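# Structural description and commentary
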Amino acid sequence: MTYICIMKLTLKIKLLPTDSQKELLMATLKEVNKACNVISEVAFTKKLFNQMKLHHQTYHMIKGSTQLTAQLVIRSISKVVDAYKLDRKVQRAFRPLGSIAYDDRVLTYKSEDKVSVWCIGGRQVMPYICHNKKYIPYIKGEADLVFNKGKWYLFQTVDLPDEEIKDVEDFIGVDFGQTDIAVTSDGDNFNSEQLKNVRKKYSKIRASVQSKGTKGAKKLLKRLSGRERRFVSINNHTIAKQIVAKAKEQNKGIAIEDLTKIRFTAKTKSKNQKTELNRWSFYQLRQFMTYKAKLSGVKLLAIPPAYTSQTCCVCNHIGTEVSFRKGKKFACTYCGYKADADVNAARNIAAWGRAVNRPEKSDMFCILHHVSRFKAHWVRCL
Ligand SMILES: [Zn+2]
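Residues numbered from 1 in each chain as written. Predicted model: local features only at pLDDT ≥ 70, side-chain atom pairs only at ≥ 80, totals over all residues. Heavy atoms only, no water.

## Things to note about the overall build of the protein chain
Check the secondary structure of the protein chain and you find 9 helices and 16 strands. When burial is assessed residue by residue, the protein chain has 46% of its 382 residues classed as buried. In the protein chain, 66% of the contacts between residues at least 6 apart in sequence involve partners at least 24 apart. Here the protein chain has roughly 20,700 Å² of accessible surface; of this, 54% comes from carbon and sulfur atoms. (Helix = DSSP H or I, 4+ residues; strand = E, 2+ residues; numbered from the N terminus. Buried < 20%, exposed > 50% of the residue type's maximum accessible area, 1.4 Å probe, protein only. Contact = heavy atoms within 4.5 Å. Areas by Shrake-Rupley, 256 points an atom, 1.4 Å probe, with all protein chains shown as cover.)

As structure tokens, then:
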């Protein structure tokens, strides 16, 4: 079986405008948002929420009263129409420095490092930085021009054709562990001592700041969690990249659990920041693995999460958590197999992956049918 589909990615592109170009970008951003506010008032007072009708009512007025190019007037009208799709009860207001949308009529990539952006007064060619240059040829559709903390960015949509997803015989199982971030059936362990240390450091700072509870302290907390999140993000990218690269190299697929064990259940709903960050981190890692696998043409299967940690990966004996998992060690009471608990779980996940992928060739498939909680149709191909 092969699958082909188109994937949408958003590239973050940092613009490097000169000082005078910065002023032009700023003037354009403000002018568009000002226009949006005028259009929004017309839309709201006349109850015109449809692109065509609003266009007739406002296009010439905006074109005549601003310095905007036709395309940006049209974009402004669309922005207003989109805003009212969510709620028509209140008049929508646009922040003066809110992001604005560009398309290929007002934005052209000249080369691998120069982009031409329409600004008030005419197009400006400026250098840019993009860390994923290989995606530049696939740029298509809209980009948002964003001003954030004194810097200019384009968030550019990219349509990527996937590599054809190859069918495979074997899978690398990945267990998103409690103590480690991820453990594979090959025994690769991503526990990142560094990550733990960083978290420890931040939680110490947080505890001392929290006890103060002032407004300034709240701000600091917010900033801290942002930094922590960025760190976790970079780490997740690295882990996902390594696992996907290995699978591709070994011509294997990747099997993961369909929604991670307890992390998304009601029990763990907590306002505790550490737990929240954990949940978010595992969700993100899964997302990264999913899209990186797609981009590399690696098959990724999500299998039902039950029993993977209680089953012996050698004899398939299923027992209870209590008697089987003692801390990090797994010991089978039936055949005596001993292993790291997460590696055992990852091997089970890999086996389920194989079974689900090729039911006719696997003994695991009988188990799939016998254990009532495992139903083949639960398995989703991501
Ligand atoms: Zn066993």
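## Considering the coordination of the zinc ion
For the zinc ion, the full set of protein donor atoms is Cys-312 (SG), Cys-315 (SG), Cys-332 (SG) and Cys-335 (SG), and the range of their distances to it is 2.2 to 2.4 Å. Viewed at the metal, the 4 donor atoms of the zinc ion are separated by angles of 107 to 114°, and the geometry they form is tetrahedral. Donor residues for the zinc ion, ordered by position in the chain, follow C-x2-C-x16-C-x2-C. Of the two residues, Cys-312 sits in the loop between strand 12 (300-303) and helix 7 (321-324) while Cys-332 sits in the loop between strand 14 (329-331) and strand 15 (338-340), which places them 20 residues apart along the sequence. Cys-332 matches Cys-312 in its accessibility class, with the two residues each being buried. (Donors = N, O, S within 2.8 Å, 3.2 Å for Na, K, Ca; no water. Tetrahedral: all angles 85-135°; square planar, octahedral: opposite > 155°, others 65-115°.)

## Focus: the environment of His-237
You can see His-237 is positioned in helix 5 (residues 215-249). When the C-alpha atoms of His-237 and Lys-292 are compared, they prove to be 9.2 Å apart, with 55 residues separating the residues in sequence. Excluding its chain neighbours within four sequence positions, the residues that come into contact with His-237 are Phe-288, Tyr-291 and Lys-292.

## Focus on the pairing of strand 11 (residues 253-257)
Where burial is concerned, most of strand 11 is hidden: 5 out of the 5 residues are buried. Pairing of strand 8 (residues 171-175) with strand 11, which is carried by 4 bridges, proceeds in the parallel orientation. Note that in strand 11 the partner of Val-174 across the bridge is Ile-256. When strand 11 meets strand 12, the two strands line up parallel, connected through 4 bridges. Note on strand 12: the bridge partner recorded for Ile-254 is Leu-300. (Pairing = 2+ DSSP bridges.)

## Quick word on the packing of aromatic side chains
Scanning all chains against the criterion turns up 8 aromatic pairs. Between Phe-288 and Tyr-291 the ring centres are 6.1 Å apart and the planes differ by 90°, which places this aromatic pair in the edge-to-face class. Residue Phe-288 and its partner Tyr-291 are located together in helix 6 (residues 273-296), separated by 3 residues, close to a single helical turn. By way of ring pairs, the aromatic residues Phe-44, Phe-49 and Tyr-84 are connected into one cluster. The aromatic ring of Tyr-153 is capped on one face by Lys-12, whose charged end is 4.9 Å from the ring centroid. (Phe/Tyr/Trp six-rings, centres within 6.5 Å; stacked < 30°, edge-to-face > 60°. Lys NZ or Arg CZ within 6 Å of the ring centre and 35° of its normal.)

## What about helix 3 (residues 70-86)?
Between its first and last C-alpha atoms helix 3 spans 26 Å; for 17 residues at 1.5 Å apiece the expected length is 24 Å, and the two agree. Those residues of helix 3 that are buried are in contact with helix 1 (19-46), helix 2 (51-65), strand 2 (100-102), strand 4 (114-119) and strand 6 (139-148). (Expected span 1.5 Å × (residues − 1).)

## Considering the side chain of Lys-252
As for its position among the elements, Lys-252 is in the loop between helix 5 and strand 11. Despite its burial, Lys-252 remains without a salt bridge, the nearest opposite charge being carried by Asp-170 at 4.0 Å. Within the structure, Lys-252 has its side chain in polar contact with the side chain of Gln-250 (distance 3.1 Å). Other than its neighbours up to four places away in sequence, Lys-252 contacts Val-168, Asp-170, Phe-171, Ile-172, Asp-186, Ala-247 and Val-298. (Lys, Arg positive; Asp, Glu negative; His and termini not counted. Salt bridge = Lys/Arg side-chain N within 4 Å of Asp/Glu carboxyl O. Polar contact = N/O pair within 3.5 Å; in protein donor to acceptor, adjacent residues only side chain to side chain.)

## A closer look at the pattern of salt bridges
Think of it this way: side chains of opposite charge can pair up when their charged atoms draw near. Evaluated as defined, the whole model comprises 9 salt bridges. Ionic pairing is found between Lys-34 and Glu-31, a salt bridge with its closest N-O pair at 3.9 Å. Here Glu-31 and Lys-34 lie together in helix 1, a separation of 3 residues that amounts to about one turn. Two residues, Glu-142 and Arg-75, come together in a salt bridge whose shortest N-O distance is 2.3 Å. Of the two residues, Glu-142 sits in strand 6 while Arg-75 sits in helix 3, which places them 67 residues apart along the sequence. One salt-bridge network, held together by shared partners, links Arg-75, Asp-103 and Glu-142.

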